[in-house]
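# Coordinates in review
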Amino acid sequence: MIDQNEQNGNGSGAESKATGRRNFLKFGALAAGLTVVGGGLQKVLSQDKKENPDTTVFTRDGKVFKADKACLHEYTAPPVTNAEARIGIPGKKFTMVFDLAKCDGCKKCTESCQAMHFTESDREWIKVYKMKDAETTASYYMPKPCMHCDNPPCTKVCPVGATFKREDGIVLIDDDRCIGCRSCMAACPYSARFFNWSDPMQPVAVANIPYSPEHGFPRQRGTTEKCDFCPHMIREGKMPACVSGCPMQAIYFGDQNEDAVTNSAGVTVKFSQLLEDNSAYRLLEELGTEPRVYYLPPKNRKYPKPDMESIGKENKIEGGKSDTGMGNMAM
Amino acid sequence: MSKIIYPDSHIPAELSEEVIREDSMRPTMKWGRSTQLWLGFLFMVFGWGLYAYIHQLRHGLGETAMRNYVSWGLYISTFVFFIGISHSGTLVSAILRITKQDWRMPITRIAELMTFVSLCFGGLMPIIDLGRADRIANLVIFGRVQSPLMWDVMSIVTYFTGSTIFLWLPMIPDMGLMRDRLTVVDTPFKKFKKWLYKTLAIGWTGSKSQWKRLELVMTIMTIIIIPVAVSVHTVVSYIFAMTLRPGWNSTIFGPYFVAGALYSGSAVVILAMVIFRKLYHLEKYITYRHFDLMGRVVLSLTLIYGYLNLNEYWIPAYKMATSEGHLLHDLFSGSYSTAFWLCQFGTVLFPIVVMCFPKGRTPGALTVVCIFIAIGAWVKRYLIVVPTLLHPFLPIQDVPLTWSQYFPNWVEWSVTMAAFSGMVIIVTLYAKFFPMMSMWEVVHGAHIEESKRVAFEKVEHAEEINEAKTNHKKATVVG
Ligand code: SF4
Ligand code: SF4
């Protein structure tokens, strides 16, 4: 089936200019294009002598033909297939750095992420913890996404290879393949994974688009999900949702191979220098999971420290509502 | 002067083949009202569980009490428990066979049957637990041998196949006998039985070469099944031990689980022995001697299991490393402490003390002890699975209440009870079609017994002469 007009960035709908932001990834223009959906295509092909064959359509295998504009509709297809999503973006090694000195626990990253992936409020793919390592030490906020471990315990145990490590360092889940055994959830030491116990609540429009492991939706019941570093955004040369959503510019994201990371203000710094200057560390280093996510210690904080007493009391999430299987909600 | 002890008879040598066969086959000849009622009750429980499972399939695993922290619960605990029970058959049949323990004869069938049924449902539990049971074929299409879950699939399938064969092999001569006998007796389901026995007997005539081949195949199976059984529970433990989680990240999980499996499995065999002995009036065959010996077996297994428990908890408890410490606090003095200590004292220490005394190895006492052990083993599995999941490395903060605590809900209980009743259904039906004792083996055992007695009398005689010669020499012969 022809479902997409172009893959190679030579289509008409190229719109990958990062909106005013530094196009740090320098990808070729990959774009949402025009596509013909099943029945419509049949119609086009059967009516050769159309009055208005005014649009050129590319098929996935590179064929070109003219089609009636009326038979086409705008379509933001997943940029890559499930098989392509397993490989990753060549030549990249994505990494994320959290400057804990800047994080004030506002949870805007979580909110941006939830909006990006159409998740319920209890699905904190990036979760902001209130940390206090010992009685005598300082408390601080710590956002925690998936660590995209280089030695990922989760992918090792998956019996069907539904979760996998890509060349570009990202650990993804193919929910079209996941059998829901939850071995990976048991194996992840960072509690980064979530399970769709019931039908996920997501906008109807989202529920109907083709699935891609790169954006993780439409989310499916009985499968796992987690932070994915927003590869579908990266492909468009944009930042992951949490990075651009952080008002404190506390999150840096970039390519370790390029040795450059950028935050929401568009400030790009040398990755290695940033780690060096701030004595960066990784979470639970002793476990040998080799996280791709780094933390800069919460030194000289510029915000009030978290109130550890409040943990559990400001629980704004209603008791497991989203788990009761309310089905799709209207957009 | 010392007393010469005649080895306790386990199979009364005076029983003729005819009597043994009659006693074994009698229960398969009737189909009484009580059987029907019992089966009806079991099917009701099973049907209810099936309803719960369909409910779960339709609405998703969200219908269970499992949530993102406790992502494995009662199903997986029960899975481990069932796989544990399945070690009984191997223990009694294979290990006692290879060590030439002839007293095993009347109880091998029961043990092998326990293995078979517990594997049937043990193997189902993880499938019931799957979020996408509809994609089970992915295990074949995309299967990865690097995954511990895959090891489970492979070894459980192997073990299931092996123990089905192991259950069936010694049945062949019996099936031949029952097939031939069907022509002279009347029994319910005669047509079906005719077909059934004929199929299972696969042309058994009892010729010398057939006996030889059967003996050979059984020896081979005995040797194969022991490592397979050990591997099964080892890899079951690996789905936990291969993670980094406190409480699971343990190098003794393999032997710990295997010991726990043998301990609970043999306890369940004793319970089955008690039940069938009563129901089928097998007192002549399953004697106090059997209970005494099985009691000793369970006692030694409990000692090993207790010793491994000590290692599993005392070593980390001495060190109290941070994350491990949180878990241990919860187990020792927190919300799981009652269950934990009841398990340690009630189902390990108490059985050890009781079984140390000969009186504690009589059917009555063993029934109590083994019920304790069976329940204890089950609860212990739960205590291995759940508290660890509630103690992840990073704190559980600001999540819905349903995520930070766990207790199985009606769906999980119903499905689990259905699995138990399914097991009992198979056992009941089996017992209505097949003899619960391996007839030819019991006959064989009686022969061995007889020849032993003869041999013993000779020895006794020799001893007497010897004694007379050396006058006060100690001469004790123990069976
Ligand atoms: S943080 Fe967890 S889910 Fe993410 S890669 Fe590491 S083990 Fe896997
Ligand atoms: S839940 Fe899905 S992704 Fe996770 S281990 Fe099982 S099959 Fe793999």
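Remember, predicted model here, so these are calculated numbers, not experimental data.

Each value, and the rule that gives it
- Residues numbered from 1 in each chain as written.
- Chains lettered and ligands numbered in written order.
- Predicted model: local features only at pLDDT ≥ 70, side-chain atom pairs only at ≥ 80, totals over all residues.
- Heavy atoms only, no water.
- Axes fitted to C-alpha atoms, helices over the stretch in contact; angles between N-to-C directions.
- Helix = DSSP H or I, 4+ residues; strand = E, 2+ residues; numbered from the N terminus.
- Parallel < 35°, antiparallel > 145°, perpendicular 65-115°, else oblique.
- Contact = heavy atoms within 4.5 Å.
- Nonpolar A, V, L, I, M, F, W, Y, C, P; charged D, E, K, R; others polar.
- pLDDT = per-residue confidence, 0-100.
- Near = heavy atom within 4 Å.
- Patch = residues over 30% accessible without salt bridge, like charges linked within 9 Å, V, L, I, M, F, W, Y side chains within 5 Å.
- Areas by Shrake-Rupley, 256 points an atom, 1.4 Å probe, with all protein chains shown as cover.
- Salt bridge = Lys/Arg side-chain N within 4 Å of Asp/Glu carboxyl O.
- Buried area = accessible area lost by both parts, 1.4 Å probe.
- Polar contact = N/O pair within 3.5 Å; in protein donor to acceptor, adjacent residues only side chain to side chain.

### Considering the packing of helix H4 (residues 87-98) of chain B against helix H11 (residues 253-279) of chain B
All names here are of chain B. For the pair H4 and H11, interaxial distance at closest approach is 7 Å and the crossing angle is 80°. As far as their axial angle goes, H11 and H4 are roughly perpendicular. In this structure, H4 contributes His-87, Ser-88, Leu-91 and Val-92 to the contact, and H11 contributes Ala-261, Leu-262, Gly-265, Ser-266 and Val-269. Split by residue class, the contact of H4 with H11 holds five nonpolar, four polar and no charged.

### Describing the confidence of the model for chain B
Residue and element names in this part refer to chain B. Averaged over chain B, the pLDDT score is 89; the fraction of residues at 70 or greater is 93%. Of the regions scoring below 50 in pLDDT, residues 1-9 engages in 20 contacts with residues more than four places distant in sequence or in other chains. Low pLDDT, under 50, characterises residues 475-479; the stretch is placed with eleven contacts to residues that sit more than four places away or in other chains. Across the interfaces of the predicted complex, the ipTM metric reaches 0.86, alongside a pTM of 0.85.

### Some thoughts on unusual backbone geometry
The residue after Phe-217 of chain A, namely Pro-218 of chain A, is reached through a cis peptide bond having omega 0°. Relative to the helices and strands, Pro-218 of chain A resides in the loop between helix H6 (204-207) and strand E11 (224-225). Although it is not a glycine, Cys-230 of chain A sits at a positive phi angle of roughly 45°. Inspection of the secondary structure puts Cys-230 of chain A in the loop between E11 and helix H7 (231-235). Non-glycine residue His-281 of chain B carries a positive phi angle of around 50°. Residue position: His-281 of chain B is located in the loop between H11 and helix H12 (288-319).

### Brief notes about the site of ligand 2
Ligand 2 sits among 13 residues. The nearest are Cys-158, Cys-178, Cys-181, Arg-182 and Cys-184 of chain A. The residue inventory of the shell around ligand 2, partitioned by class, reads eight nonpolar, four polar and one charged.

### Remarks on a nonpolar patch on the surface
A cluster of nonpolar residues, Trp-341, Phe-345, Leu-349, Val-353 and Phe-357 of chain B, forms a patch on the protein surface that exposes about 510 Å² of accessible area. In this fold, Val-353 of chain B is placed in helix H14 (residues 337-356).

### As for the interface of chain B and chain A
Each side of the interface is counted separately: chain B has 42 residues, and chain A has 56 residues. Buried surface at the junction of chain B and chain A, both sides included, amounts to about 3900 Å², of which 54% is carbon and sulfur. Contact with chain A buries surface across chain B, with Leu-394, Gln-397 and Asp-398 of chain B losing the most and accounting together for 19% of the total. Remark: the boundary between chain B and chain A carries two salt bridges. Across the pair Asp-129 of chain B and Arg-182 of chain A runs a salt bridge, and its minimum N-O distance is 2.8 Å. Remark: the boundary between chain B and chain A carries 26 residue pairs in polar contact (both at pLDDT 80 or more). Mapped by element, the contributors of at least two residues to the side of chain B that touches chain A are helix H2 (33-59), helix H6 (138-141), helix H7 (148-168) and helix H16 (401-404) of chain B. Here the residues of the side of chain B that touches chain A are counted per class, giving 21 nonpolar, 13 polar and eight charged.

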